[in-house]
Amino acid sequence: PMTVKRPGGVAAVAWVWIVSGVLIILSGLMGIGALAQISELTPPHQRPALPPLLAAMSGLSHYLILVTLVQMAVAAVAVVAGVYYLRLRAWARSILELLTWMSLVLTLSLGFLWMPMWMGMSNELLPSGTGVDPRTLKAAGVITGAVVMIAGAVPLILMIKSLRSRAAREAVGARPEV
């Protein structure tokens, strides 16, 4: 049997997905538990009125448990693929590349969605007479959103580069599928 040295990038990407997947599963379980508690404590007719933009977004909360369960299932796939990527399985590299591309698209989409949403919400969230210039608040929110988007996208781009590298492809290609 041929032994292949696992490239550092393979281990790094695998462990990022394993740890992220476990954390997503745990946060999903906590989120479902918290939602159950909140729903019991505050019946819908007693909840405070929301500004129009937030009210529109709150309609999505009806799908929160379904979205969370799907997210947890995808996280479980990521954990399994991460473990098998450490074992240099080609199919695991493909799954992790797909998940990383999907994460990058989601990160960029949410980042670009944040900016117009923040611009619209900042007027509703800032009570008049506070002494805060609304333009300053809007600029701070947009800059923060851009920084967070870039901070999330750069590691994903580096992971994609590693997953698509010659070293990663050769490492998984040198080991037969079982």
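Residues numbered from 1 in each chain as written. Predicted model: local features only at pLDDT ≥ 70, side-chain atom pairs only at ≥ 80, totals over all residues. Heavy atoms only, no water.

Considering all chains together, one arrives at two aromatic pairs under this definition. Ring geometry for Tyr 84 against Trp 91: centres 5.3 Å apart, planes inclined by 40 degrees, an arrangement best described as tilted. Residues Trp 114 and Trp 118 carry aromatic rings whose centres are separated by 5.2 Å and whose planes lie at 25 degrees to one another, so their mutual orientation is stacked. With Trp 114 and Trp 118 both in helix 4 (residues 90-125) and four residues apart, the pair spans about one turn of that helix. Accessibility expressed as a relative area gives 27% for Trp 114, which makes it partly exposed. When the ring centre of Tyr 84 is taken as origin, the NZ or CZ atom of Arg 87, which lies over that ring, is 4.9 Å away. (Phe/Tyr/Trp six-rings, centres within 6.5 Å; stacked < 30°, edge-to-face > 60°. Helix = DSSP H or I, 4+ residues; strand = E, 2+ residues; numbered from the N terminus. Buried < 20%, exposed > 50% of the residue type's maximum accessible area, 1.4 Å probe, protein only. Lys NZ or Arg CZ within 6 Å of the ring centre and 35° of its normal.)

A separate point is helix 6 (residues 166-173). For helix 6, the set of buried residues is Ala 168, Ala 171 and Val 172. End-on, the buried residues of helix 6 take up no more than an arc of 90 degrees, which puts them together on one face. Exposed and facing more than 90 degrees away from the buried side of helix 6 are Arg 166 and Gly 173. (Arc of directions from axis to C-beta.)

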